[in-house]
Amino acid sequence: RKEAVASMDRNAALKMQQIFNEEVKKLQIVQKKINKLAEPRNSYMTQLAENEGVIKEMELLKESDKVYKLMGPVLVGQELDVAKRDVHNRISFFKKQLKNIDTQTKEYAKEQAEIRTKVQGMQQVMMKAQKEAVAAQLKAQQKAGQ
């Protein structure tokens, strides 16, 4: 009878350890997804800052000033209002991309928090079960020693 109970406990512990390991893997995958979003976010932030600087410079220009756009190895003349519109469009694009990345990051962070809570709960259960097993083993040893 004791062996059957111990076997069931061992099987339950192995199953819980397996589930725990799967959850830890899920946690690592979500963390990698969050980390993977950091690079494009940083790139968009840099490009946004550069383009906001360009717009500030363009605001200092007069309509009569010449504006050039680099197309490949050639500088091509462009009207100021067209150049401003193009830069504003890029700024808008970068802001939308950043918003999308931030939304994804928040979703992943929420998923990460849920998995982490589950993992921590499983750790507590496994620690409690381990303490109880050790206590039962000590009790059995004391009984056998009498």
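Residues numbered from 1 in each chain as written. Predicted model: local features only at pLDDT ≥ 70, side-chain atom pairs only at ≥ 80, totals over all residues. Heavy atoms only, no water.

**Student:** Account for the overall build of the protein chain, with residues named and values stated.
**Tutor:** When helices and strands are tallied, the protein chain shows two helices and two strands. A compact globule built from 146 residues should have a C-alpha radius of gyration of about 15 Å, whereas the protein chain, at 30 Å, is more than 25% larger. Within the protein chain, residue pairs in contact and separated by at least 24 positions form 77% of the contacts whose partners lie at least 6 positions apart. For the protein chain, the accessible surface area stands at approximately 11700 Å², while carbon and sulfur atoms represent 55% of it. (Helix = DSSP H or I, 4+ residues; strand = E, 2+ residues; numbered from the N terminus. Rg over C-alpha atoms; globule rule 2.2 N^0.38 Å. Contact = heavy atoms within 4.5 Å. Areas by Shrake-Rupley, 256 points an atom, 1.4 Å probe, with all protein chains shown as cover.)

**Student:** Quick rundown of the packing of aromatic side chains? Include the residues and the values.
**Tutor:** For the structure shown, the criterion picks out three aromatic pairs. Geometrically, the ring pair formed by Tyr44 and Phe93 is edge-to-face, given 6.1 Å between the ring centres and 80° between the ring planes. Residue Tyr44 is located in helix 1 (residues 2–59), and its partner Phe93 is located in helix 2 (residues 80–145); the two are separated by 49 residues in the primary sequence. Tyr44 sits in the buried class, given a relative accessible area of 18%. Ring centres of Tyr44 and Phe94 lie 6.0 Å apart, and the angle between their planes is 40°; this geometry places the pair in the tilted category. With Tyr44 in helix 1 and Phe94 in helix 2, this residue pair connects regions lying 50 residues apart in the sequence. Residues Tyr44 and Phe94 agree in their burial class; the two are buried. (Phe/Tyr/Trp six-rings, centres within 6.5 Å; stacked < 30°, edge-to-face > 60°. Buried < 20%, exposed > 50% of the residue type's maximum accessible area, 1.4 Å probe, protein only.)

**Student:** Lay out the pairing of strand 1 (residues 67–71) with the relevant residues and their values.
**Tutor:** Strand residues, when the strand is regular, have side chains that alternate between the two faces of the sheet. Of the strand pairs in this sheet, strand 1 and strand 2 (residues 74–78) are connected by five bridges, and their pairing is antiparallel. Each bridged residue has a counterpart across the sheet, and for Lys69 the counterpart in strand 2 is Val76. (Pairing = 2+ DSSP bridges.)

**Student:** Tell me about the pattern of salt bridges, and name the residues and values.
**Tutor:** Working definition: two side chains of opposite charge can pair if their charged atoms are close together. Scanning all chains against the criterion turns up six salt bridges. Notably, a salt bridge pairs Lys84 with Glu59, separated by 3.7 Å at the nearest N-O pair. Here Lys84, found in helix 2, pairs with Glu59, found in helix 1; they are 25 residues apart in sequence, far enough to count as distant. Looking at Lys84, the relative accessible area reads 18%, which means it is buried. On the basis of relative accessible area, Glu59 is assigned to the partly exposed category, the value being 45%. One network of salt bridges, with partners in common, ties together Glu23, Lys26 and Lys118. (Salt bridge = Lys/Arg side-chain N within 4 Å of Asp/Glu carboxyl O.)

**Student:** How would you sum up the side chain of Gln78? Please name residues and give values.
**Tutor:** Mapped onto the secondary structure, Gln78 falls in strand 2. In this structure the side chain of Gln78 is engaged in a polar contact, spanning 3.1 Å, whose partner is the side chain of Asp86. When residues no more than four places from it in sequence are discounted, the contact partners of Gln78 are Val67, Lys69, Ala83 and Asp86. (Polar contact = N/O pair within 3.5 Å; in protein donor to acceptor, adjacent residues only side chain to side chain.)

None of this, on its own, says anything about what the molecule does.
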